[in-house]
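# Observations on the three-dimensional arrangement
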Amino acid sequence: MSGGVKVYTVNGATAGSSSSLPDWLTRKRAAKGKGKRAIREQVEGTIELIQGFEFPEASNRIKCTRDGHHIVATGTYKPQIRVWDLDQLSQKFERHTDAENVDFAMLSDDWTKSIHLQNDRTVELHTQGGHHYRTRIPRFGRSIAYHFPSCDAYIAASGNEIYRLNLDQGRFMNPLVLAHEDDEISGVNIIDINPAHQLLAFGVEGNGTVQFWDPRSRSSVGTLQIPKSRLMHSSVESTESATLSVTAISSRYDGLSYAVGTSTGHTLLYDIRSVRPFATKDQGYGLPVKNVAWIDGGSKMVGEGMVISADKKVIKIWDRTTPSANFVSITPANDLNDLLHLPGSGLILTANEGIQMATYYVPQLGPAPRWAGFLENITEEMEDTTTRSVYEDFKFLERSELKTLGLDHLIGTPTLKPYMHGYFVSLKLYEAARLIANPFAYAEHREKLVREKMDKMVESRIRTKKDIGVKVNKALAEKILREEEKAKKRTERRKQKQGETEENEMQVDAPDDQTSVLHDPRFAAVFQDKDYAIDESSREYALLNPSAAAQQRSGPRPKTAVEDEEEESEKSSSDGLSSDNGDDDSDSDNSSDAGELTKFDPRTRPGQQNVRMQEAYSRTRERNRLAHRPSNVNLVPMRAQADGDRSADRGATFGQRRGASAPKQREPLSRTNVAVDGGMEISWMPSSGPQDVDDMLVSGGGAPKKGKTKRPGVETFGAGMEKGGSHLSVSMDESERKGRTHRRTGVRSGSKNVFRKMDG
């Protein structure tokens, strides 16, 4: 943005005073992060309005066809001509030449015919098919122009002659010889043909003059002398021996106005009827003006009479009535060689010393061309989303706030802008007044931030629950922590009993030298690696932790008598008579128990026991036992069957006898699993009624058979296990009572590893 005018780079490198379209969208983000991020955003965000709008090394000249559909440019290296189709926004073709181009002119309305002046003194004619004809001129050429009415191509070169090549006759005509009464002309830099009356204008080098010739009479009609003294005095290169040259000329469509650029970096505007310039513009760098042009038929905001002038460093657009102020100034990234403004639009194309040819779009200068109408849509959307508020740099304050800040005396002055129930005040003034009114505001704010940060740190130190910090085997880690805490408490109690000093007591909380298992690096994998996770459903875990496995299968364990007594005592002490009002029987029992407990006074009857209290405890324990159904059972010794074929073999093992007694018709109530290592696991289901001991081995714990007497109060579980009742007297022989007295027969020989029969 330059002077409030937005400039968009739509081709080539971003100018110093403009920004490309995507880069302008991310301008705020790029301003925050300098360096690689900003560079990456700029590279990724750039777009090309015209694809391939570049040359391998540099570009020399650029022109647009009169029909406005093609752009023709010359460049190097290698010397070549490139044509771009604007309707397709892409390159149409490229054509190589033998020498580098100095200047060229379009002979037709489209790109098919052109004439090129080369730096090896040759003039080439190109048609649609390619190179058509080549000729040479006596001196090195500097500029070329084509006069349509006479079909003459005027070629300016070093010296005072203007070569005239007639394309209708195909031959050179008599040259135009320029003369000056004071100095000798060393060369002609630029040729201009007025579009209104076809008057020829030649910019002369050395003497600072512009000569006007009539193409019909081929004679000079006037000479314009540039005020050398005023320009050289203000020029940086001001010396007595310095020369002034005319480097650029542009005539307006009205036929009366001329813009003349000089070698000192000045642009002068003339009316052809006057010898004095009515406007002068200094580029500021003291470099020769490369190009100058009139901007007509643009936006209504610009109006008529805008001028664009450029040297190799800067492009300036300014109004002819106010040359001291710039409408917009653009600083390209590379040195300029040529400039082209598309008539009736805000698009400016440049030829420069860089690879990419830069293109700039100024919406306030004029609309986008027909073939690039989407540029207007993009810029309008961006302007709508990024419009700055009128009051962005103001602060809204009420009257009470103004009085607090001491600004109420400004009410009624232009400093305060009334709005609704308050005033708008400049943001800078507000900050200064706030600092004066409360100079310690920043210190208080900083102290508040520090206090909040410290409070947050203190809260982070507080832990309501210890975090073990393990990934696997959390139950094991909790168990280890509980054991360590118990050991620590025991150590504290032992030290207190020993009567240690207060200093030693304070050191109890000091960290112990002994490293905990949880923090021991040797066992770190046990609590971090999933491969070391303990499978609590495995048989090995159940064998090593039988109580935990039983609790896991049957739920929480029942309360013991001691726990029941403690719970009852807590209830009686906290709730009085009772705390359970849901069950009437329970209320009556608890009330009677409480009464029995409170009736006995040990102080009146020393040495006696409270019998009623003991009976109340006994009843409570019995109720808990019946409610929880304890799983404790009594194992009775195995007894062999007295009769039957299945019990005939008294030398059979327990597993053989157990397998022989399994039922065939229904699923047994007991199940036996034999592990590989010889271990055995037995599970059973209690029966509904009492059974005979002899029926257990035969029927596997099923219903009692007919004709068998059942013992009252005995509950059997199968596999020879029962609960309740008394042991029956079973007749046993001498061998069963005393055990085996001789070696068994049919055993394996340890020496020969064979079975052999031994006589018993």
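Quick notes on the rules
- Residues numbered from 1 in each chain as written.
- Predicted model: local features only at pLDDT ≥ 70, side-chain atom pairs only at ≥ 80, totals over all residues.
- Heavy atoms only, no water.
- Helix = DSSP H or I, 4+ residues; strand = E, 2+ residues; numbered from the N terminus.
- Contact = heavy atoms within 4.5 Å.
- Areas by Shrake-Rupley, 256 points an atom, 1.4 Å probe, with all protein chains shown as cover.
- Pairing = 2+ DSSP bridges.
- Axes fitted to C-alpha atoms, helices over the stretch in contact; angles between N-to-C directions.
- Patch = residues over 30% accessible without salt bridge, like charges linked within 9 Å, V, L, I, M, F, W, Y side chains within 5 Å.
- Salt bridge = Lys/Arg side-chain N within 4 Å of Asp/Glu carboxyl O.
- Lys, Arg positive; Asp, Glu negative; His and termini not counted.
- Charge placed at Lys NZ, Arg CZ, Asp CG, Glu CD.
- Buried < 20%, exposed > 50% of the residue type's maximum accessible area, 1.4 Å probe, protein only.
- Expected span 1.5 Å × (residues − 1).
- Phe/Tyr/Trp six-rings, centres within 6.5 Å; stacked < 30°, edge-to-face > 60°.
- Lys NZ or Arg CZ within 6 Å of the ring centre and 35° of its normal.

### Thoughts on the overall build of the protein
- Helix and strand counts for the protein stand at 19 helices and 37 strands.
- By sequence separation, contacts in the protein at least 24 residues apart represent 47% of the contacts at least 6 residues apart.
- Of the roughly 47,100 Å² that the protein leaves accessible, carbon and sulfur atoms contribute 50%.

### Things to note about the sheet that holds strand 32 (residues 422-426)
- If you walk across this open sheet you meet the three strands as 30-32-31, and the pairing is antiparallel. Both outer strands of the open sheet, strand 30 (394-398) and strand 31 (417-419), are each paired with one neighbouring strand and no more. Across the sheet, the mean angle from the axis of one strand to that of its neighbour is 35°, orientation sign disregarded.
- Where strand 30 lies against strand 32, five bridges are found, and the strand directions are antiparallel. Looking at strand 32, one finds that Leu397 is bridged to Tyr423.
- In this fold helix 7 (residues 427-437) packs onto strand 30 and strand 32, with an angle of close to 95° to the strand it touches most, strand 32.

### A few points about a nonpolar patch on the surface
- Residues Val450, Met454 and Met457 make up a contiguous nonpolar surface patch of roughly 250 Å² in combined accessible area.
- Relative to the helices and strands, Val450 resides in helix 8 (residues 441-461).

### Concerning a positive patch on the surface
- Taken together, the side chains of Lys479, Arg482, Lys486, Lys489, Arg490, Arg493, Arg494, Lys495 and Lys497 define a basic patch exposed on the protein surface.
- Mapped onto the elements of the fold, Arg494 is located in helix 9 (residues 474-497).
- Using a relative accessible area of 46% as the deciding quantity, one classes Arg494 as partly exposed.

### Brief notes about the environment of Thr127
- Note on placement: Thr127 falls in strand 9 (residues 122-127).
- When its relative accessible area of 28% is taken as the criterion, Thr127 is described as partly exposed.
- Between the C-alpha atoms of Thr127 and Thr112, which are 15 residues apart in sequence, the distance is 5.2 Å.
- If we skip the residues at most four places from it in the chain, Thr127 touches Arg95, Thr112 and His132.

### Topic: the pattern of salt bridges
- Considering all chains together, one arrives at 15 salt bridges under this definition.
- Here Asp254 ties to Arg252 by a salt bridge, and the two come within 3.7 Å at their closest N and O atoms.
- Given the relative accessible area of 40%, Asp254 is considered partly exposed.
- The class for Arg252 is buried, based on a relative accessible area of 10%.

### So, the sheet that holds strand 10 (residues 130-136)
- With respect to topology, four strands assemble into an open sheet ordered 7-8-9-10, the strand pairing being antiparallel. The sheet is open, and its two borders are formed by strand 7 (101-106) and strand 10, each paired with just one other strand. Going from strand to strand, the sheet's axes swing by 20° on average, the running direction of each strand aside.
- With six bridges joining them, strand 9 and strand 10 adopt antiparallel strand pairing. Paired with Thr122 across the bridge in strand 10 is Arg136.

### Here's the deal with helix 9
- Here helix 9 contains 24 residues, and its C-alpha end-to-end distance of 35 Å stays within 8% of the 34 Å for a straight helix at 1.5 Å per residue.
- Just downstream of helix 9, Gly499 is the residue with a positive phi angle, here 70°.

### Here we look at the packing of aromatic side chains
- Applying the stated rule across the entire model yields nine aromatic pairs.
- Centre to centre, the rings of Phe53 and Trp84 are 4.9 Å apart; their planes meet at 65°, and the pair counts as edge-to-face. Highlighted residues: Phe53 in the loop between helix 3 (36-45) and strand 3 (58-64) and Trp84 in strand 5 (residues 80-85), separated in sequence by 31 residues. We note that Phe53, like Trp84, is buried.
- Three or more aromatic residues joined by ring pairs form one cluster here, namely Phe53, Phe55 and Trp84.
- Stacked on the ring of Phe104, the Lys or Arg Lys63 has its end atom at 5.8 Å from the ring centre.
- It is Arg82 that lies over the ring of Phe55; its NZ or CZ is 5.2 Å from the centre.

### Side note on the pairing of strand 28 (residues 347-352)
- Counting buried positions along strand 28 yields six of six residues, so the element is predominantly enclosed.
- Counting the residues in the hairpin turn of strand 27 (residues 336-341) and strand 28 gives five residues, including Gly344, whose phi is positive at 75°.
- Summarising the sheet, strand 28 and strand 29 (residues 359-361) pair through three bridges and their orientation is antiparallel. Residue pairing in the sheet places Leu349 in a bridge with Thr359 of strand 29.
- In textbook terms, the turn of a hairpin is the stretch between consecutive antiparallel strands, and for strand 28 and strand 29 this stretch comprises six residues.

### Overview of unusual backbone geometry
- At the junction of Thr76 and Tyr77, the peptide bond is cis and its omega measures out at 0° in the coordinates.
- The phi angle at Arg218 is positive, at roughly 50°, despite the residue not being glycine.
- As for its placement among the helices and strands, Arg218 is situated in the loop between strand 17 (209-214) and strand 18 (219-225).
- Among the residues examined, Arg218 registers a relative accessible area of 43% and is labelled partly exposed.

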